[in-house]
Every structure is written in C-alpha cells, then in structure tokens.
Amino acid sequence: MVEWSRKKLEFKDQNDREVAGQYDEKVLEAFQKFDADGSGSISRDELAEVLKALDPEDWDNESVDELLAAADKNGDGELSVKEFLNWAFTENDIITSTKGNVTLRVEGCPREQFNGDYVQDGKYYNHRPTFYCRENDYCMFYDAETKQWRIFWRVSPQYSSCRVKTSRGPHMAGQAWSVWSPKDKAFVKSPEMICRLLTVEELIALAPDTILMNAEQIAHCWFEAPGAVASKRNTAAGHNECFKKTEEMKNGRPVYQAWLEKYHRWNTRYLYYHAEKKYWTLGLGHTNEQREWYLRSAPTDCYSPLVAPWLDSQSTRYRPVIPHELDANGYPPTKGGARTKYKKVEAPEGFVDPEFPPNKESMGPKVSCYCEPNGYKAYWARLAEYTATPVLFDDAEPGDILQGMLGDCWLLAAIACVAEFPNFFKDHLFVTQEIPEDGKYEIKLFDCHLQEWKVITIDDRVPSLPWNRTSIQNLAAKVVDHKIMVPLIEKAMAKLCGSYTKLTSGMVTTAWAHMTGCCDIVKIWGQFEFPLIWVVTAEGGIFVREENKRQSKRIGKLEKGARFQEVERARSCIRFKKIEGSGPDEGFVWYYKGGKKTAARETPLSIQKTESKILDNPRFRDDDPETPAQEIISSGQIDQEEFWQLIREYDTSNFLMGSQMNKVCDDRLSGIMPEHAYSVLQAKEVEGMRFVQLRNPWGEDEWGGPWCDRCDEWAANPKIQEGLKAHELTFDGKFWMEWEDFAYVFGNLDVTKVAMPTKRADFPPQDQWSEDLDADMM
C-alpha cells in the first residue's frame, strides 16, 4: 500500500520500500504522472489517458485492458507501485503476455451451483476481465454503473444471481456477498460466501491425473482447425478420448498423453501448454510447437487444462471432463449448462395427441437414433416435468432461444428474429393463453402449401434425455429459465412438417412465412473473390507491425495508395502481403486507428437480389411433388448503393430482416459465428457514414471489429455516437458495424415483406427477471 504525503511516496510495506528503493526519483515521478488523483494506485482510466497521450498509435482501449490484466497481479483492477515497477522494468514482455492470469475460487455460497473456480477467460466487460467457471457454466463480471461484481449465467448489464459491491477485485471486496433467494424473492446477505485468489500451489493441484475429451466435439473441432487433416476426422470421432498426466512438465505445466484403454497403449496425441501462444492445445506431439493442432483453449496461463476456457470450432465454450463427471450414458454435460438442465418434477399423464403421438415416427430417424439400443435413453417427457414454475410468455426475448441436438437452427433463428417484436407470439400465434394443467395447446401456423392458417393442437411432450436419476434435459429446443414457449412452437412446427427430423435444415424466410402468413420474400447476397485486396487511404500511411500486437516492433510504413492482399484478419488487424506501393512486403496493419479509417477494401462486390413468393414448404414435397417451393418474381444484379437504399427501405417498413456471415471469409476471429442467423435491427446514416445494427440472438458473442462496444471509434466521434443514440454500449448481443464491414463480412439479407405490428424492442432492464424462477434448476 502507498500513502501520499506532500507529493512524496510513503510506504507502509517494507517490501514495497525496498523495491522502490532500487530506482531513482525519476521513476517515482513517472508513477505520479500516471496517478493523477494521488490515490497511491493507477486506475484504468489514468493508465489509458497517459499511454494514449504518449503514443496514440500504440494504445487503444483493447491494448490498455490487456496490459492492465497482465500487470495487475493481485486482480484489484489497479496498478500499485510494485506492479507499476514490475511492468516498467520487467525483463519479460508483459505487454504481449497472456490475457488471463487470475483464477478465483468462490466458496460457502448457500446455493451450491455458484461455488467453483472462476478462470479469467481473455474477455473484457466494462474494461475489466471476465471469469468463467467450467464446473457450473456461470460467469463473473464487473458492472461499472453499480460498481458491483456479479455472477450470472451470462455477462449481462441488467441481471445477477450473486453480487458484491466493490470497485476493486471481487476477492478484495471487504464485505458480504448478496445471493438471490428464490424463497424470499430478494437478495440476502451471505457472510459465509467468500471469493479468494488461488495460489500457484492450488492452481497446480487443479490438474487431475486423467481428463476425458468428448469425441463428437473433438472431431468437429479437428475438421475446422487450421492445418488439420480432414481425412483423419473419423479417427477422433470413435470414442471419448482419455488423456493421462505424464511425469513430464512443459512450460511449467503437466503434459497429458492420449491413452488407448482398449489396446493398453499410448497414442501420439498430447494435451500441453503452448508457451508462445499462451494456450492449452491438443495436437500431434508436443516437442515441436509449430506442428498442427486440433483444439485449443482461449489465451490463459491456467496450470490445468481442466479449468482452462476451451473453445470449439464455433468459438463456443467447451468442457473437458474428469471421469466421475460423465453421465449415465458416458457423455459429458451438454451446452446450456445450469439454465437448461432441470430437476425432474412429477407430473400427471395429461393430454396425449393421437395425431402426433409420442413415438419414434414423430421423432423421425435423426431424433429416434438417440433411443435405445443406440446407446442413449431418449424418451418423451412432458414440459411439466421440467419445472414446477413454468412460464409461457413472460419476458420472451431473443436470448431465450437455445438450440438442442436437432439441426433446426434456421427455425430457432427465425423465432429469435420474431422475438424482437414484443407480444407477437402471444397476440398472433397462441390460441391457448394460459398454461393448461393437462398440457393441451393450440397454436396457429400458416400452411404455405394450402395458403391458409391452421390451428395446430399439440400436447406438451418433447424428446428428452435423462442425465441422471433426478435431472432432465430437452433433446430439441431448450427450456431456458423455465420458459416453455419456444419448445411448444418447435413442436407445432414438427407436427405441421411431419416429424422433428423434418425440421433439420431450412430457410428463415420459410419459418417466417409459417409464423406471419406472409410469403413475399427477398434474398440479397454478395459475392467476391478471395483474397481481398485493400488500399491505404490514410494521408500519413499506416505503420506496419512485426506481430499482431499494437506494441510490437514497427518495421516500416505503408504509404497512401499502397495496395495489399489480406492473408488473415482478426477484428481491425490485418496480416497482409503487399501488392504494390511503398512499404514493407508483409506484416500487420490496422485498418482503423484512433477512430479513423486508414484502409478500404478494393475487391469488387457482386450483389444479387431475388424476389420470390413461397408456395410450399419443401418438407411437404412428398405430398405434392409437382408444386414448386418458390416462385421467382424477379432477379438481377444491384450495386452497393442500391443495397444500402433497400436495407433502409426495409427498416423503415418494419420488415423482418436477418443475416448471417458470408461463406467466403471466416470472421470467427472477429466474433461472428458461421451458419448462425443474426437479427438486423436498423440502418442509419450519420455524419456522412453508414451503419447497420445487428443482434446476436444468443445475447453475447458480438462483433469485435471497428465500432464494437469497447473500441476507440466512439470516443473519437461523439457526434456519430449521439446520432446513433449509442449511449449504452453493453455486452448484450447488440452491435454496430460500418456499412463496408457489413457488406463484406455478412453481405446478405433475408427479408419477409410483412409490416410487423410493433417496433423492435430494446428489452429494458427488469428486476430479477429469472432469479425468482430458478428454484428447480440444477
């Protein structure tokens, strides 16, 4: 600790005094320049102000956040004198070190699901690191407005299940945590609940002797990974892969080797820590770190692969497990975690739909394959068995839609887009307005083949899997926070189409036609040749870096007019090869700097627009193969200006709009998920610049490029921020993109030309919208 007295540093801690005594007064004066308020520590804002003033080319919000996370060894969100000196004079490159260096343990919480080890996962919210607990699938994050650390199933500006008020680290709060009590329907102080920083010895002890990796996820990630051999995919998919800890250590962490129990011998695949990249990786061999890898974690310095924040090929969280965590079928817990797995509730027999009975024919082959004797124990369970406190319409929003094991993302994405419009399902689709005791529901859907509305009668039985004697999980659309509306709509669609299997693959516009009765659709998609060609537009050119870090060595400058080829892009950083012009032949550049654009894409974009009328759902073709699915009204080429004017027109008309990442470039490194539908919310032109706002229906995983929530563009362009009314830039799934980025990253638009009856909602904060409902959740 440091105290200020007459502009001089006074140390309470003798060790601090000895550390500072190694440096002269100029060093301590430098500390004082950072510590503008004289508090004895450097806040994040103080650090950013000085660094950006010293060299705005090197420092932006992201790099300041990463520096603070790496240098802040005690995790309190500030730099002490000792931490400052360590950063300024360390022999290691702390600036380019790992993003995650803190693991916190939560103990003593009266609600057991919130206890566990929370690992810094390389992400940031309100300029503070976020933490993820693999044991219970919960997040810990800092809310700047209320100055609270919170625990919830996702990072959210509005909600929490546990909270503690402090602007320091959650382990340094100095006061009791508050935990939401379902019984009292209020937050209750919990003095027994503590959050503490794990020691190195405790971190090493977290590495178990045996780890299992799920075969299906390994195979999927293997197929997608850079350098992976697609033909070897089946080799990985045969079984859950067992890794045993060897006696060898690498980069200060244990090495795990694959063990083939059936043959009682070792395999050539290893789990080890990659020193240069700062992540755990699964690959062939471990002596040569340049060899191909198949699966990796997010950047971290965890001592155990078990607690590392792993990512699969779609950048979603993945959980390695230890043997005793496997379910009765030998499989680890599935995606959705605590909010989709429920304690089983006893329920009466209820209504059974004779037209769509609970049998294998109604499931179809792609769902019934999960039944015995195929290794699973899928069966039909009433939604009433999932929760004693079901909710039908309350607070329905896009984030409530979670896909299960069925490949009907097109349908759930369409539901998520319609959920942007409050009360639509209640007012227009559900004939049944309250939850019936017998589980009999009536839902209206439009029959595209007959071109008329139908009332679909269903029971509330859905394909389910038992995960142990007392818990249950839906095989199809998930029951999220006790909300049963989405599984009911999905079942009505399954009955209309003939089975759950017939919901596999489709188009969002078809689903919108079933829900709105409008069959007039527009499809716009752009195509371009890869690799992309860029041209430098900044008057002073662009500095070229040796690595994809702003603080890495400058190796020259690309002058204005220089043209280069994009090799790889992550957010606003481009790895390039020069085509012509003055400057280095290759390296890394940023196409936005200090809130200003420095380079633009030169590759032409070919855009096709097709207007059609839906005549039939392709799943009905067996009944009437002569009827075409669509009738094309018009089709032709348009340019980017026409594309922009059309999206503005559709926005003004309040039409349903959706988009997904183009198939030419892979922008997962920028936060965009492949084959995943996004809602298009609005298109605006401000200060001569054009912007599109989108929402990820998952409520997280946003665009991380220029004009993302935590970038410098907003502060540098306050008039644009005001014009877009982008005052609350929070991690809520909504994000803005500059028009050129949207045209090349997404480049397509699905439109149903129906004027929706209400405006899209902002889904304002509400009081504890889910905590009072999760008493039955695991």
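None of these values were measured; they are calculated from a predicted model.

What counts and what doesn't
- Residues numbered from 1 in each chain as written.
- Predicted model: local features only at pLDDT ≥ 70, side-chain atom pairs only at ≥ 80, totals over all residues.
- Heavy atoms only, no water.
- Pairing = 2+ DSSP bridges.
- Helix = DSSP H or I, 4+ residues; strand = E, 2+ residues; numbered from the N terminus.
- Salt bridge = Lys/Arg side-chain N within 4 Å of Asp/Glu carboxyl O.
- Buried < 20%, exposed > 50% of the residue type's maximum accessible area, 1.4 Å probe, protein only.
- Expected span 1.5 Å × (residues − 1).
- Arc of directions from axis to C-beta.
- Polar contact = N/O pair within 3.5 Å; in protein donor to acceptor, adjacent residues only side chain to side chain.
- Contact = heavy atoms within 4.5 Å.
- Axes fitted to C-alpha atoms, helices over the stretch in contact; angles between N-to-C directions.
- Core = buried A, V, L, I, M, F, W, Y, C linked by side-chain atoms within 4.5 Å.
- Phe/Tyr/Trp six-rings, centres within 6.5 Å; stacked < 30°, edge-to-face > 60°.
- Lys NZ or Arg CZ within 6 Å of the ring centre and 35° of its normal.
- Parallel < 35°, antiparallel > 145°, perpendicular 65-115°, else oblique.
- Left-handed = near helix turned anticlockwise from the far one by under 90°.
- Nonpolar A, V, L, I, M, F, W, Y, C, P; charged D, E, K, R; others polar.

Of the strand pairs in this sheet, strand E9 (residues 177–181) and strand E10 (residues 186–190) are connected by five bridges, and their pairing is antiparallel. When the sheet's bridge partners are listed, Ser181 is paired in E10 with Ala186. Taking the residues between adjacent antiparallel strands as the criterion, E9 and E10 are bridged by four residues, where Lys185 takes a positive phi near 55 degrees.

A word on the pattern of salt bridges. Here the structure, examined in full by the defined rule, presents 28 salt bridges. Where Arg690 meets Glu685, a salt bridge forms, and the shortest distance between an N and an O atom there is 3.4 Å. Residue classification places Glu685 among the partly exposed residues on the basis of a relative accessible area of 42%. Among the charged side chains, a network of salt bridges with common partners joins Lys597, Arg601, Glu738, Glu740 and Asp741.

A word on helix H15 (residues 640–652). Between its first and last C-alpha atoms H15 spans 19 Å; for 13 residues at 1.5 Å apiece the expected length is 18 Å, and the two agree. Buried within H15 we find Phe643, Trp644, Leu646, Ile647, Tyr650 and Asp651. Down the axis of H15, the buried set is contained in an arc of 165 degrees. They therefore lie on one face. Put simply, Asp639 is the residue that caps the front of H15, since its side-chain oxygen is 3.2 Å from the backbone nitrogen of Glu641.

Here we come to the side chain of His171. Mapped onto the fold, His171 is located in the loop between strand E8 (162–165) and E9. In this structure His171 comes out as buried when scored by relative accessible area, which is 19%. For His171, the contacting residues outside a window of four places in its chain are Asn74, Gly75, Asp76, Leu104, Cys195, Arg196 and Leu197.

Moving on, we come to the sheet that holds strand E6 (residues 138–143). Two modes of strand pairing occur in sheets, parallel and antiparallel, and in both the strands are linked by backbone hydrogen bonds. Read across the sheet, nine strands follow the order E10-E9-E8-E7-E6-E5-E4-E3-E11 without closing on themselves; strand pairing throughout is antiparallel. The two strands at the open ends of the sheet, each matched to only one other strand, are E10 and strand E11 (194–197). Across this sheet, the average inter-strand angle for adjacent strands is 30 degrees, counted without regard to direction. Bridge count between strand E3 (residues 103–107) and strand E4 (residues 116–125): four bridges; the pairing is antiparallel. In the sheet register, Leu104 faces E4, and the bridge partner there is Tyr118.

For the rest of this paragraph, the subject is the nonpolar core. Counting residues in each nonpolar core, the largest one holds 57 residues, and the members touching the most others are Phe425, Phe430, Leu488, Tyr500, Leu503 and Met515. Counting only elements with at least two residues in this core, the list comes to strand E21 (379–382), helix H11 (409–418), helix H12 (424–429), strand E22 (441–447), strand E23 (452–458), strand E24 (461–466), helix H13 (485–497) and helix H14 (508–516). Sequence-distant contacts of Phe430, defined by excluding residues within four places in its chain, comprise Leu392, Phe393, Phe425, Glu442, Ile443, Met485, Leu488 and Ile489. With 56 residues, the next largest nonpolar core counts Ile638, Phe742, Ala743 and Phe746 among its residues.

Moving on: the packing of aromatic side chains. Per the counting criterion, the structure on display carries 29 aromatic pairs. Consider the rings of Tyr142 and Trp149, whose centres lie 5.4 Å apart with planes at 50 degrees: the pair is tilted. When its relative accessible area of 6% is taken as the criterion, Tyr142 is described as buried. With a centroid separation of 6.4 Å and an interplanar angle of 50 degrees, the aromatic rings of Phe643 and Phe742 are classed as tilted. One end of the pair, Phe643, is in helix H15; the other, Phe742, is in helix H18 (residues 739–745), and 99 residues separate them in sequence. Grouping residues by exposure puts Phe643 and Phe742 together as buried. Site record: aromatic cluster; members linked through ring pairs are Trp534, Phe564, Phe576, Tyr591, Tyr592, Phe691, Trp707 and Trp714. Residue placement shows Arg128 over the ring face of Tyr142; its charged tip is 4.7 Å from the ring centre. Above the plane of the ring of Trp453 lies Lys444, whose end atom (NZ or CZ) is 5.8 Å from the centre.

On to the packing of H11 against H13, then. Their axes nearest at 11 Å, the elements H11 and H13 cross at an angle of 130 degrees. With respect to H13, the axis of H11 lies oblique. As H11 packs across H13, the resulting crossing turns out to be right-handed. Residue-level inspection shows Trp410, Leu411, Leu412 and Ile415 of H11 in contact with H13, the latter providing Val486, Ile489, Glu490 and Met493. Split by residue class, the contact of H11 with H13 holds seven nonpolar, no polar and one charged.

The next point concerns H14. Judged by how many residues are buried, H14 sits mostly within the fold: nine of nine residues are covered. When we look at burial in H14, the residues that qualify are Val508, Thr509, Thr510, Ala511, Trp512, Ala513, His514, Met515 and Thr516. Gly517 occupies a position one or two residues after H14 and carries a positive phi of about 80 degrees.

Our next topic: the environment of Asp460. One can find Asp460 in the loop between E23 and E24. Through-space distance from the C-alpha of Asp460 to that of Lys491 is 8.3 Å; in sequence the pair is 31 residues apart. Apart from residues no more than four positions distant in its own chain, Asp460 is found in contact with Ala381, Arg382, Leu383, Ala384, Gly439, Tyr441 and Leu488.

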